Amino acid sequence: MARYTREDIIKKVKESDVEFIRMQFTDIFGQLKNVAITKSQIEKALDNQITIDGSSIEGFTRIHESDQRLYPDLDSFTILPWRPHHGKVVRLICDVHNPDGTPFVGDPRGVLKRVLERAAGMGYTFNVGPECEFFLFETDENGKPTTKTGDEAGYFDLGPLDHGESTRREICLALEEMGFEIEASHHEVAAGQHEIDFKYADALTAADNIMTFKLAVKSIAQKNGLHATFMPKPIFGINGSGMHTNMSLFKDGKNVFFDENGDKQLSKEAYSFIAGLLHHVKAMTAVTNPLINSYKRLVPGYEAPCYLAWSASNRSALIRIPAARGQSTRVELRCPDPSCNPYLALAVCLAAGLDGIEKGMTPPAEITENIFAMDAKTRKANGIDSLPGSLPEALMELKADPLMRETLGDHVFTQYVAGKEAECDEYRTRVSSWEIAKYMIAY
C-alpha cells in the first residue's frame with residue numbers, strides 16, 4: 001500500500017518549510033548520486049521531467065545517448081533531519097529511465113526489481129535484514145580523515161571507553177526520525193568500529209535503507225568532526241567491517257524457510273536456497289565484496305568467513321542459520337561487506353537462492369566445528385572450499401557464471417567487470433608504502 005500520493009508530497013513540500021529536494025539514484029559501483037532542485041520544481045519532478053546526463057555517470061551511457069530521466073519513488077519521500085530545520089531538505093529515491101519512458105537497463109535498482117519480479121512469479125516475497133558495520137575516525141587540522149579513533153573500547157563497551165557513542169546515538173535518532181526501526185546499536189570488536197542494526201524489510205526497501213543509512217552515518221559523522229568509512233579493512237591487524245545479510249522468503253504471509261517437522265525446523269526450500277548460495281557464492285563475491293580491500297577482510301583470524309560451509313550455530317561458517325524459528329527463520333550470509341552496491345548484492349543473492357530452489361539443490365553436510373582451527377588437509381577431507389582470495393580471482397569466477405551475467409544484465413555486467421578490472425590494473429601498477437618500507441633500504 002502506497003504511503004504517499006503526488007498530492008501528499010506537493011502539500012508537504014508547501015507546508016513543511018521545504019526549500020530543496022534531492023533526487024537520488026545509485027551508480028553501478030554503489031555510489032549515491034543526486035540532483036538537487038528547489039521546491040518550485042517539485043511538480044516537474046513528480047511528473048518524471050528531471051533529466052540527468054548519463055554519460056557523466058560511470059557505467060551508465062555513452063555520450064551520444066546520454067539523456068535520462070529520474071522517476072521518483074513517492075514512498076521514499078523523507079526529510080533529511082541533519083540538514084537545516086528552516087528551509088528543510090528532503091529526498092526522493094529515483095529509478096533511472098530512458099527518454100522514451102522505458103527503464104534504463106544500467107540502473108542497479110532496476111536490476112534488483114527484475115529479480116524480485118522473478119521471485120514474485122514463483123509466489124515469493126524476499127525480506128532482508130542487514131547488519132552494517134563502520135569505523136569512525138578522527139580528522140586532522142585540514143578536515144582530512146586519519147586512522148586514529150581516540151577509542152579504547154571493544155565489543156559492546158560503552159562510554160567513556162566508546163568515544164563514538166554520542167555520534168552513534170545521534171545517527172540512531174536521525175534514522176528513527178526518517179522512519180527506520182532501530183533494533184540495536186553497539187560498539188564492535190575493533191577500536192572505532194560500530195554497528196547499527198535496523199529491522200528487516202522487503203528487499204527493495206532494504207537496499208534503499210542501506211544507501212540512506214550510509215548517507216546518514218557519513219553526514220552526521222562529518223557534522224561532528226569525524227570521518228565515517230565503510231571501507232572493509234581500513235587498518236591492518238584488526239577486524240574489518242562486514243554487512244551480514246539476513247534473508248528470508250515469504251509466501252502467502254508465511255516464512256517458507258520454516259518447517260516445524262523439518263531437520264532443524266528448516267524447510268526443503270531453505271536447504272535448497274542455502275545450496276544455491278554456496279553454488280554461486282564464488283562468483284557473487286565480486287559483487288558482495290567489490291573492492292581490492294574487501295579481500296584483506298576475508299582472511300582467517302578476524303571472524304570474517306572465508307570458507308564455503310553452512311551451520312546452524314557455527315560463526316566460522318560462511319552461512320549461518322540464527323536460532324530464531326517460525327516467522328523469524330532466516331539464512332545469514334556473512335561475507336558481504338558494506339562497500340557493496342546493495343541493489344546488485346541483494347539481486348545476486350536472491351538469484352542464487354532461487355536457482356537452488358528451482359533446481360532442487362542440496363547443500364553439503366553442516367559443519368559444526370571451528371573451520372578456522374582446521375588445517376588445509378582437514379578442510380579438504382570435509383569438502384570445504386574457499387572464497388576467492390582477491391578481486392581478480394572473484395572477477396574470473398563472476399565471468400564464468402552465466403546466472404550472474406543473466407541477473408545483472410549484459411549492460412551492468414560488462415560495465416561492472418570493465419570498471420573493476422581497471423581498478424585491479426591500477427592497484428597492480430601502483431607502488432605502495434609497504435613496498436617502500438620493505439625494499440627501499442634492503443635493495
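Here the structure is shown first, and the text comes after it.
Computed from a predicted model, the values in this text were never measured in an experiment. (Residues numbered from 1 in each chain as written. Predicted model: local features only at pLDDT ≥ 70, side-chain atom pairs only at ≥ 80, totals over all residues. Heavy atoms only, no water.)

1. Digging into the packing of aromatic side chains
When we look at a pair of aromatic rings, we describe it by the centre distance and by the angle of the planes. For the structure shown, the criterion picks out 14 aromatic pairs. Taken together, a centroid distance of 5.5 Å and an interplanar angle of 5° make the contact between Phe-135 and Phe-137 stacked. Across the pair, Phe-137 and Phe-135 agree in class, each one buried. Clustering of aromatic rings is evident, with ring pairs tying together Phe-134, Phe-180, Phe-198, Phe-213 and Phe-230. (Phe/Tyr/Trp six-rings, centres within 6.5 Å; stacked < 30°, edge-to-face > 60°. Buried < 20%, exposed > 50% of the residue type's maximum accessible area, 1.4 Å probe, protein only.)

2. Things to note about a nonpolar patch on the surface
Together, Val-431, Ile-436, Met-440 and Ile-441 make up an exposed nonpolar region whose accessible area comes to about 460 Å². As for its position among the elements, Ile-441 is in the segment after α11 (433–439). Ile-441 sits in the exposed class, given a relative accessible area of 81%. (Patch = residues over 30% accessible without salt bridge, like charges linked within 9 Å, V, L, I, M, F, W, Y side chains within 5 Å. Areas by Shrake-Rupley, 256 points an atom, 1.4 Å probe, with all protein chains shown as cover. Salt bridge = Lys/Arg side-chain N within 4 Å of Asp/Glu carboxyl O. Helix = DSSP H or I, 4+ residues; strand = E, 2+ residues; numbered from the N terminus.)

3. Points about unusual backbone geometry
Positive phi values are uncommon outside glycine, yet Asp-17 reaches one of about 60°. Looking at where Asp-17 falls in the secondary structure, it is placed in the loop between α1 (6–15) and β1 (18–26). Using a relative accessible area of 34% as the deciding quantity, one classes Asp-17 as partly exposed. The phi dihedral of Gln-265 is positive, around 60°, even though this residue is not glycine. Within the secondary structure, Gln-265 sits in the loop between β13 (254–255) and α6 (268–288).

4. Digging into the packing of helix α9 (residues 391–399) against helix α10 (residues 402–429)
In the contact formed by α9 and α10, the axes pass within 11 Å of each other and the chain directions differ by 155°. In terms of orientation, α9 lies roughly antiparallel with respect to α10. Relative to α10, the crossing made by α9 is left-handed. Together, Leu-391, Pro-392, Leu-395, Leu-398 and Lys-399 of α9 and Met-404, Phe-413, Tyr-416, Val-417, Lys-420, Glu-421 and Cys-424 of α10 make up the contact between the two elements. (Axes fitted to C-alpha atoms, helices over the stretch in contact; angles between N-to-C directions. Parallel < 35°, antiparallel > 145°, perpendicular 65-115°, else oblique. Left-handed = near helix turned anticlockwise from the far one by under 90°. Contact = heavy atoms within 4.5 Å.)

5. What to know about α1
Residues of α1 that are buried: Ile-9, Ile-10 and Val-13. Angularly, the buried residues of α1 cover 100° about the axis, an arc narrow enough to put them on a single face. Opposite the packed face of α1, turned more than 90 degrees from it, sit the exposed residues Glu-7 and Glu-15. Buried residues belonging to α1 abut β1, α2 (42–46) and β6 (88–97). One or two residues past the end of α1 sits Asp-17, with phi positive at roughly 60°. (Arc of directions from axis to C-beta.)

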